[in-house]
Amino acid sequence: MTTVAGLVPHLCGALAVGGVAAAATGRRELMVRWCVWALGVPLVTAAFWLGPPGIAVLAAVVGVVAVAEFGGLLRLGPVDRAVLAVAIVGLVLAAWLVPGEVFRVAAAGALAIAGVPLLSGDAEHGLRRLGVGLLGLVWLGVLAGLVSSGALGLVLFVAVSIADIVAYAAGRRLGGPRLSPLSPAKRWSGTLAGAAAGLLTLAVLSSLTWQTAVAVAVGGPLGDLLESMVKRGARAKDAGRWLPGSGGLLDRIDSLLVALAVLLVLG
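Residues numbered from 1 in each chain as written. Predicted model: local features only at pLDDT ≥ 70, side-chain atom pairs only at ≥ 80, totals over all residues. Heavy atoms only, no water.

Peer 1: Describe the environment of Glu69, listing the residues and the values that go with them.
Peer 2: Locating Glu69 in the fold gives a position in helix 3 (residues 52–73). Since its relative accessible area comes to 7%, Glu69 is described here as buried. The spacing of Glu69 and Asp251 is 182 residues in sequence and 9.9 Å in space, taken between C-alpha atoms. Glu69 has contacts with Ala239, Trp242, Gly248, Leu249 and Leu250, leaving out every residue within four places of it along the chain. (Helix = DSSP H or I, 4+ residues; strand = E, 2+ residues; numbered from the N terminus. Buried < 20%, exposed > 50% of the residue type's maximum accessible area, 1.4 Å probe, protein only. Contact = heavy atoms within 4.5 Å.)

Rendered as structure tokens:
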């Protein structure tokens, strides 16, 4: 298993190659996206370097931002968003400080989310608010799983990110049948090429097992489709507009969330 320190040379090399490739295309949007990666990757790596405390802080911050984007997409009110954000942060802190109580904290979060529309007596939109809130808790609450993942969490992030990039480029170039009506731009050719690239990344980083392979090859694309379904339901192109070249934070972690969920289930 690769350590965080062992990952640093690989990440630096990948950023260098990516920068050269983006510059060679002459496309401004690719250079902007690379600049975001060049700023974000060192911050994420530093958090994992610090171990559980650093990962917990990173996961909590990411969770709050993701809740804001998720709530905006599905038109959750400020109280619903606040309760969901507290539930996600509570899960992350529990995973760090009292890992044996994670399921109890999750249950408490679900009850709190259900209580908001119930106590407000929202007969018209209460069921939708409850469903959206619970989806957010299950989907975004997976971030708590990063706390105990160590370097493997960072490896998973790198692998699904590379798989996403390769899938996008290969799908546009190779074409072929569409992967799903949820995302007409995605092609089976790109998905398979991306899966191969993700598995190769795992192998290079000495982290290729059947569990990580399924997480990256199956969980990653499913996570992308899940966010596509949410955005289509919200009639939105991106989860946000604040991250240059990437839209929102959810657009960057959608594959990671379901890949991590699959890895946690497979254990």
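Peer 1: Hey, could you go over the state of the cysteines for me, with residue numbers and the actual values?
Peer 2: This structure, assessed with the given rule, holds zero disulfides. For Cys12, which is in no disulfide, the shortest distance to another cysteine sulfur is to Cys35 and amounts to 16 Å. (Disulfide = S-S within 2.5 Å.)

Peer 1: Go over a nonpolar patch on the surface, please, and point to the residues and values.
Peer 2: Residues Leu93, Trp96, Leu97 and Val98 make up a contiguous nonpolar surface patch of roughly 350 Å² in combined accessible area. The class for Leu97 is exposed, based on a relative accessible area of 56%. (Patch = residues over 30% accessible without salt bridge, like charges linked within 9 Å, V, L, I, M, F, W, Y side chains within 5 Å. Areas by Shrake-Rupley, 256 points an atom, 1.4 Å probe, with all protein chains shown as cover. Salt bridge = Lys/Arg side-chain N within 4 Å of Asp/Glu carboxyl O.)

Peer 1: So what about the pattern of salt bridges? Which residues, and what values?
Peer 2: Per the stated rule, a full pass over the model turns up six salt bridges. When the shortest N-O distance is used, the salt bridge between Lys231 and Glu227 registers 3.9 Å. One end of the pair, Lys231, and the other, Glu227, are both in helix 9 (residues 210–234), four residues apart, so they sit about a helical turn from each other. According to the relative accessible area criterion, Lys231 is buried, its value standing at 12%. The salt bridge involving Asp251 is made with Lys231; its shortest N-O contact spans 3.1 Å. You can see Asp251 sitting in helix 10 (residues 250–266) and its partner Lys231 sitting in helix 9, a full 20 residues away along the chain. Take Asp251 and Lys231: they sit in the same class, and that class is buried. Sharing partners across several salt bridges, the network here consists of Asp80, Asp122 and Arg129.

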